[in-house]
Amino acid sequence: MFERDEYTADQGALADFVNQLSEEFDFSYFLENTRKGQFPSRCWEVLGAGGYFGILAPEEHGGAGSGIEDLIVLIHNLARKGLASHQLLSQILCCDLLARYGSEEQQRSHIPEIISGKRIGLGLMEQTEGMDLFDLDLHAAGEGESFVLNGTKRYVVGAGEASALLVIARTGSAPEGDPNDGLSLFLVDPKLPGIETIPRELNVRVTAEEELVLITGDSFSDVSFDAVEVPRGDLVGEQGIGGEAVSEVANLLFISTAVMAIGWGESVLEKGVEHAKSRVIFEEPIGAYQAIQHPMVRARTDLELAKLAIARAASAYQKRDEDLTVYASVAKCAATEAAFAACDISIQAHGGSGFDRETGVITLWPLILLSRILPLNNDVILESFAEAALDLPEAG
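Rules of the game
- Residues numbered from 1 in each chain as written.
- Predicted model: local features only at pLDDT ≥ 70, side-chain atom pairs only at ≥ 80, totals over all residues.
- Heavy atoms only, no water.
- Disulfide = S-S within 2.5 Å.
- Buried < 20%, exposed > 50% of the residue type's maximum accessible area, 1.4 Å probe, protein only.
- Salt bridge = Lys/Arg side-chain N within 4 Å of Asp/Glu carboxyl O.
- Helix = DSSP H or I, 4+ residues; strand = E, 2+ residues; numbered from the N terminus.
- Axes fitted to C-alpha atoms, helices over the stretch in contact; angles between N-to-C directions.
- Parallel < 35°, antiparallel > 145°, perpendicular 65-115°, else oblique.
- Left-handed = near helix turned anticlockwise from the far one by under 90°.
- Contact = heavy atoms within 4.5 Å.
- Nonpolar A, V, L, I, M, F, W, Y, C, P; charged D, E, K, R; others polar.
- Pairing = 2+ DSSP bridges.
- Phe/Tyr/Trp six-rings, centres within 6.5 Å; stacked < 30°, edge-to-face > 60°.
- Lys NZ or Arg CZ within 6 Å of the ring centre and 35° of its normal.
- Core = buried A, V, L, I, M, F, W, Y, C linked by side-chain atoms within 4.5 Å.
- Patch = residues over 30% accessible without salt bridge, like charges linked within 9 Å, V, L, I, M, F, W, Y side chains within 5 Å.
- Areas by Shrake-Rupley, 256 points an atom, 1.4 Å probe, with all protein chains shown as cover.
- Lys, Arg positive; Asp, Glu negative; His and termini not counted.
- Polar contact = N/O pair within 3.5 Å; in protein donor to acceptor, adjacent residues only side chain to side chain.
- Expected span 1.5 Å × (residues − 1).

A. Region of interest: the state of the cysteines. Counted according to the given criterion, the structure contains zero disulfides. With no disulfide of its own, Cys 94 has Cys 95 as its nearest cysteine by sulfur position, at a separation of 7.7 Å. Residue classification places Cys 95 among the buried residues on the basis of a relative accessible area of 1%.

Put into C-alpha cells, the structure is as follows:
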C-alpha cells in the first residue's frame, strides 16, 4: 500500500495522477493561498472533476467503488505532495456515511454533489469531557415534522463554506454504560435560522494578522445550534443508528488520519535530511553528527513501523474484525506520534530557518500536532489501551 512496487494498476494510476497534480499545484501555490486566506479552489476543482472525493462511493452514484487500500494509496500520495487535507477526508467520509445510511433520495441528491467538490462539513466533536467520541451534548428533540437541535459542534472543517453539514446528535437517553445508544445522524442546511458559525484560528501565527487558513486550505469553525428546526426528512437512516455511524466514521477517520500523518511526516523528514546533508559546520555536514542522525533514524523507523500498524488496521477494516477499533486507534496513535517526531527533528535540523514558511516544514507543524488530538487525543487512546489490553485501573 505504501510502496510503488506493491501497487495494482489502478493504484499506480492514482499515484501518477497525484504526481501530475503536484506539478501544477506546488507548495508555492498553497502558500500564496494561505497568505491571502483563500481556499485552494483550482486544485479542489481538479480533484472534484476527476471524482476522487468519491473513491469509496458506489459507482451508481458516480463514485469509484474502491476499497480501503486504494484510499490509503490516494491519501498517502496526496499528503507526501502537500495536497491532502482534512476537508478532503470530510468529503470522502461523508460520501461513505451517506452511501451506508442515507435514503435513496439523499444518496441521489447529495453524493454526486459531494463527489463533484461541493463542500460538506462533518460535525462530530464537541467540548464535553473528551474521553469518548460518544460524549455528545448536541440534542435533537423530535417535535412533529421536525427535530429541534440545540448544542455546539467543535472544529468542523470547512463549516463556513459548506453547502451542508452532516452531524451526529443525541435523540434519546443513553442507557448507563452504553453511550452509543440514542444517537442519530442528520443532514443539516447551514443556512437554517439558529445556526451560527464561529471561525477558529489554528494556524501558526508568523505575522500580526489573523490567519484562519492552514497550508492545506483547511479552516475550522465551531457551529452553534440554537433551536434549529431540521425536517424529519433530513434524518439520515433510522433514528438511533448514530452510534453505529460514529463507530464507522471514527474507524475510517483514524486510519485516514494515520495515513495522512505518515505522508506529512515523510515529507518534512525528507526536507530535514536534505538540509542535514548540505548544511556544513566545522567542515562536516550536520547530518554527520549523532545529535541529528539518531533522532532522524528513529523518526524514520517509527514511520515505517506505523505503516505496518496501518496495514493491520486496513486488513481489519476489510474483514470487519471485531477488534477494528483497537487496530485503527493503534495506527492513528503510532502514525501521528511518528510524524510529530519527524517534524520536530526537521525543525531542529533547520535551526532558525525551520520557522521560515518557505522551507515547508513549519507549515505542516500545526496539522501534525492537530492530528495527535483529532478526532480523539492520543492520551485518551492510550488510557483505553491501559484498561482493555493491560487490565489497568481506569484513570481517575
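Let us keep going from here.
B. Looking closely at the pattern of salt bridges. With the rule as written, the count across this model stands at 21 salt bridges. Note that Glu 32 is salt-bridged to Lys 36, the shortest N-O span being 3.5 Å. Note that Glu 32 and Lys 36 are positioned in helix H2 (residues 27-36) at a spacing of four residues, about one turn of the helix. The exposure class assigned to Glu 32 is partly exposed, which follows from its relative accessible area of 37%. Looking at Lys 36, the relative accessible area reads 51%, which means it is exposed.

C. Fine view of the environment of Ile 362. Assignment of secondary structure puts Ile 362 in the loop between helix H9 (324-350) and helix H10 (365-371). On the basis of relative accessibility, which here comes to 4%, the residue Ile 362 falls in the buried class. When the C-alpha positions of Ile 362 and Leu 392 are compared, they lie 38 Å apart, and in sequence the two are 30 residues distant.

D. Representation of the packing of helix H5 (residues 86-101) against helix H7 (residues 242-278) in the model. H7 packs onto H5 with a crossing angle of 150 degrees between their chain directions and a minimal axis gap of 10 Å. Judged on the interaxial angle alone, H7 and H5 are roughly antiparallel. Here the hand of the crossing between H5 and H7 comes out right-handed. Contact residues: His 86, Leu 89, Leu 93, Asp 96, Leu 97, Arg 100 and Tyr 101 in H5; Glu 244, Ala 245, Glu 248, Val 249, Leu 252, Leu 253, Ser 256, Thr 257, Met 260 and Trp 264 in H7. Of the residues that constitute the contact of H5 with H7, the class distribution is 10 nonpolar, three polar and four charged.

E. Looking closely at the packing of helix H4 (residues 68-80) against H7. Axis separation between H4 and H7 bottoms out at 8 Å; the angle between their running directions is 35 degrees. H7 is crossed by H4, and the crossing has right-handed handedness. Here Ile 68, Leu 71, Ile 72, Ile 75, His 76, Ala 79 and Arg 80 of H4 lie close against H7, whose contacting residues are Leu 252, Ile 255, Ser 256, Val 259, Met 260, Ile 262, Gly 263, Trp 264, Glu 266, Ser 267 and Glu 270. Class assignment of the residues belonging to the contact of H4 with H7 gives a composition of 11 nonpolar, four polar and three charged.

F. Spatial organisation of the pairing of strand S2 (residues 139-143). Bridge count for S2 against strand S3 (residues 146-157) is five bridges, and the pairing is antiparallel. When the sheet's bridge partners are listed, Gly 142 is paired in S3 with Phe 147.

G. Representation of the environment of Asn 33 in the model. Tracing the backbone shows Asn 33 in helix H2. When neighbours within four sequence positions are excluded, Asn 33 is seen to be in contact with Gln 38, Phe 39 and Pro 40.

H. Region of interest: the packing of aromatic side chains. Here the structure, examined in full by the defined rule, presents six aromatic pairs. Both rings, one in Phe 39 and one in Trp 44, keep their centres 5.2 Å apart while their planes meet at 70 degrees; by these two values the pair is edge-to-face. On the accessibility criterion, Phe 39 (16% relative accessible area) is buried. Look at Trp 44 and you get buried, because its relative accessible area is 9%. The rings of Phe 25, Tyr 29 and Phe 30 are connected pair by pair, giving a single aromatic cluster. Between the NZ or CZ atom of Arg 232 and the centre of the ring of Phe 147, over which it lies, the distance is 4.4 Å.

I. Main features of the nonpolar core. Among the nonpolar cores identified, the biggest contains 112 residues, and Ile 72, Leu 88, Leu 166, Ile 255 and Ile 310 are the most heavily contacted of them. Contact partners of Ile 255, with chain neighbours within four places excluded, come to Ile 68, Ile 72, Ile 310, Ala 313, Ala 314, Tyr 317, Leu 324 and Ala 328.

J. A look at the pairing of S3. The turn joining S2 and S3, which pair antiparallel and follow one another in sequence, is formed by two residues; a positive phi near 65 degrees is taken by Gly 144. When S3 meets strand S7 (residues 220-231), the two strands line up antiparallel, connected through nine bridges. Bridge pairing in S7 places Ser 146 opposite Pro 231.

K. A look at a nonpolar patch on the surface. Together, Ile 281, Phe 282 and Tyr 289 give the surface a local cluster of nonpolar side chains, amounting to about 320 Å² of exposed area. One can find Phe 282 in the loop between strand S9 (280-281) and strand S10 (284-285). Relative accessible area serves as the criterion here: at 73%, Phe 282 is assigned to the exposed category.

L. Seen up close, the side chain of Asp 70. Tracing the sequence through the fold places Asp 70 in helix H4. For Asp 70, which is buried and forms no salt bridge, the nearest opposite charge comes from Arg 4, at a distance of 12 Å. Side-chain polar atoms of Asp 70 contact the side chain of Gln 11, separated by 2.8 Å. Residues contacting Asp 70, with those up to four places away along its chain left out, are Thr 8, Gln 11, Leu 14 and Ile 55.

M. Representation of helix H6 (residues 104-116). With 13 residues, H6 should reach 18 Å at 1.5 Å per residue; the first-to-last C-alpha distance of 18 Å fits that figure. Residues of H6 that are buried include every one of Gln 106, Gln 107, Ile 111, Ile 114 and Ile 115, and no others. Looking at the buried positions of H6, the neighbouring elements they touch are helix H3 (41-49), H5, strand S1 (120-123), strand S5 (183-188) and strand S8 (235-236).

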